[in-house]
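# An overview of the molecular structure
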Amino acid sequence: MAEFSKKSASTFRIIVQWCFLFWVVGIGVRFALFIHALETGAAPLVSRPPGVEGFLPIGALVSLKYWLFSGSIHPVHPAALIIFLSILLMSLLAKKSFCSWLCPVGTLSEWAHKLGRSWFGWNFRIWRWLDFFLRGIKYFLLFFFVKLILVDMPAEALGGFLDAPYWAASDIKMLHFFTRMSVTTMVVLVSMTLLSLLFKNFWCRYLCPYGALLGLVSFVSPFKIRRNKTGCTGCQRCTAVCPSQIAVHTCTTVSSPECTGCLTCTANCPEKDVLTMQPVFWKRPLPVWIYPTVVVLIFFAGVGAGMANGYWFSSLSSADYERLISLVPYLSH
Ligand code: SF4
Ligand code: SF4
């Protein structure tokens, strides 16, 4: 059997990224067909895909607090919490791997900067001091949401929020965000695309509060990039290719919250068993296929456990969605 090499792991990640992106697009199209049918008074030909709730991370944070306080998972959008918990678990055990393995925005962002580099011949590099300052924005946004929801929102208000039509219709509002774009939304999306062409992972590196949360959680991940100083020749290829701009060649263990476990550094290290992704407590190099398997398994095991325990399908029926559609224009933003 052919060996699963460092390069194969990198190729496998790209395959996983694109499969997941197509899957997510499929979910989006199916949900759009479901809502469009109800909006036009027709019978939907497809059922509502629960996976669409993966686009509701802020509500999932409220749902998480509700679960912690009440001990039960709110039935309106249970998949939002299940997906959120699965992604948190990925970061707890396997670095910020959601960002570089599954997140559709991460995939588009990665390919935008690759496209930008092939068009312009390079990606711009932001001055170190400005880069440091800009990276703080995503933590500031994270702080804002954590304070608003986890700290300030009283426990008694959680049920009220999750029972209200605003939360029930949040997936419809999210769909309209894309299908009925305002000029402001278009300007923001075009600006983000242009910035992503020019700067590596602009959105992920500077603005995404979800990535900030996953990065902080990933501090405790046992899996980390390890560099064996004895075999390292100091060629710095790992540092040159790292999309998160980490000085890998100077670390024995990469603990940075910016490391997404993309394995680009390990794939490009010319030395055998010098740069590896493995648990910090494991002293000998692990087979290369273990980390990719762990990453993919955690997510699907999390989602599978949610499904098996009945926390996947919303309690809302098609008739409820018909009623919600008529309410959407009156729900404040
Ligand atoms: S250190 Fe390696 S695994 Fe981490 S982000 Fe950089 S290239 Fe990817
Ligand atoms: S690519 Fe490998 S050999 Fe070169 S500096 Fe990085 S860890 Fe050392």
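You'll find the structure just up there.
Described in the following lines is the structure provided in the data block. (Residues numbered from 1 in each chain as written. Chains lettered and ligands numbered in written order. Predicted model: local features only at pLDDT ≥ 70, side-chain atom pairs only at ≥ 80, totals over all residues. Heavy atoms only, no water.)

### Describing the overall build of the protein
Counting its regular elements, the protein contains 16 helices and 3 strands. Expected size for 333 residues packed as a compact globule is a radius of gyration near 20 Å; at 21 Å, the protein falls within 12% of this value. C-alpha atoms of the protein, sized along the principal axes, occupy 65 × 45 × 45 Å. When burial is assessed residue by residue, the protein has 45% of its 333 residues classed as buried. Sequence-distant contacts, at least 24 apart, represent 79% of the contacts inside the protein between residues at least 6 apart. Counting every atom, the protein has about 17,200 Å² of accessible surface; 71% of that belongs to carbon and sulfur. Across the protein, the 28 positively charged side chains and the 14 negatively charged ones have centroids separated by 14 Å. (Helix = DSSP H or I, 4+ residues; strand = E, 2+ residues; numbered from the N terminus. Rg over C-alpha atoms; globule rule 2.2 N^0.38 Å. Buried < 20%, exposed > 50% of the residue type's maximum accessible area, 1.4 Å probe, protein only. Contact = heavy atoms within 4.5 Å. Areas by Shrake-Rupley, 256 points an atom, 1.4 Å probe, with all protein chains shown as cover. Lys, Arg positive; Asp, Glu negative; His and termini not counted. Charge placed at Lys NZ, Arg CZ, Asp CG, Glu CD.)

### Remarks on a nonpolar patch on the surface
Judged by side-chain polarity, L89, L92, L93, L216, F219 and V220 come together as a nonpolar surface patch covering roughly 500 Å² of accessible area. When residues in the nonpolar patch are grouped by element, the largest group, 3 residues, is from helix α3 (residues 78-94). Mapping L89 onto the fold places it in helix α3. (Patch = residues over 30% accessible without salt bridge, like charges linked within 9 Å, V, L, I, M, F, W, Y side chains within 5 Å. Salt bridge = Lys/Arg side-chain N within 4 Å of Asp/Glu carboxyl O.)

### Regarding the site of ligand 1
Taken together, the residues surrounding ligand 1 are I225, C242, P243, S244, V248, C259, T260, G261, C262, L263, T264 and C265. In the shell around ligand 1, the residues fall into 8 nonpolar, 4 polar and no charged. (Near = heavy atom within 4 Å. Nonpolar A, V, L, I, M, F, W, Y, C, P; charged D, E, K, R; others polar.)

### So, the packing of aromatic side chains
Applying the stated criterion across every chain, the model contains 22 aromatic pairs. Note on F84 and Y210: the rings are 5.8 Å apart at their centroids and 45 degrees apart in plane angle, and the pair reads as tilted. With F84 in helix α3 and Y210 in helix α12 (residues 209-217), the pair connects residues that are 126 residues apart, well separated along the chain. By the burial criterion, F84 is buried, and Y210 matches it. Taken together, the ring pairs in this structure connect F12, W101, F223 and Y291 into an aromatic cluster. Note that K114 overlies the ring of W111, its terminal NZ or CZ placed 4.4 Å from the centroid. (Phe/Tyr/Trp six-rings, centres within 6.5 Å; stacked < 30°, edge-to-face > 60°. Lys NZ or Arg CZ within 6 Å of the ring centre and 35° of its normal.)

### Points about the pairing of strand β3 (residues 275-279)
The element β3 is largely enclosed, with a buried count of 5 among its 5 residues. Pairing analysis gives 5 bridges linking strand β1 (residues 223-227) to β3, with the strands arranged antiparallel. When the bridges of β3 are listed, I225 appears paired with M277. (Pairing = 2+ DSSP bridges.)

### Remarks on unusual backbone geometry
For K95, which is not a glycine, the phi torsion comes out positive at approximately 55 degrees. As for its placement among the helices and strands, K95 is situated in the loop between α3 and α4 (97-102). You can call K95 buried: its relative accessible area is 0%. Despite not being glycine, L263 has its phi angle at roughly 70 degrees, a positive value. Taking the relative accessible area as the measure of exposure, L263 reaches 4% and is therefore buried.

### Examining the nonpolar core
I172, I225 and V248 are the most contacted members of the largest nonpolar core, which has 76 residues in total. Here this core takes 10 residues from α3, the largest share from any one element. What V248 contacts, discounting residues up to four positions off in sequence, is I225, R227, C238, T239, C242, V254, C265 and L275. Formed by 6 residues, the second largest nonpolar core is a distinct cluster that contains I126, L134, F202 and L207. (Core = buried A, V, L, I, M, F, W, Y, C linked by side-chain atoms within 4.5 Å.)

### Let's talk about the layout of surface pockets
In this structure, the second largest pocket encloses a volume near 460 Å³. Along the walls of the second largest pocket sit 27 residues, with E110, H113, P243, C262 and T264 positioned nearest its centre. Secondary structure elements with two or more residues in the lining of the second largest pocket: α1 (6-39), α4, α5 (104-120), α11 (202-207), α13 (237-241) and α14 (264-268). Of the residues in the lining of the second largest pocket, the class split is 8 nonpolar, 10 polar and 9 charged. (1 Å grid on protein atoms, 1.4 Å probe; cavity = no way out; pocket = protein on both sides within 12 Å on 5 of 7 lines; lining within 4 Å. Points joined across faces, edges and corners; volume = space filled by probe spheres on them.)

### A few points about the pattern of salt bridges
Inspection of every chain in the model, using the stated rule, returns 12 salt bridges. A salt bridge links R180 to E39, with the nearest nitrogen and oxygen atoms 3.2 Å apart. Remark: E39 occurs in helix α1 and R180 occurs in the loop between α9 (170-179) and α10 (183-198); sequence separation between them is 141 residues. Among the residues examined, R180 registers a relative accessible area of 53% and is labelled exposed. Put simply, R323 and D320 hold a salt bridge, and the shortest N to O gap is 2.5 Å. Here R323 pairs with D320, and both are found in helix α16 (residues 318-327), just 3 residues apart, close to one helical turn. For R323, a relative accessible area of 52% translates into the label exposed. Taken together, the shared-partner salt bridges in this structure form one network comprising D131, R135, K138, R205 and E258.

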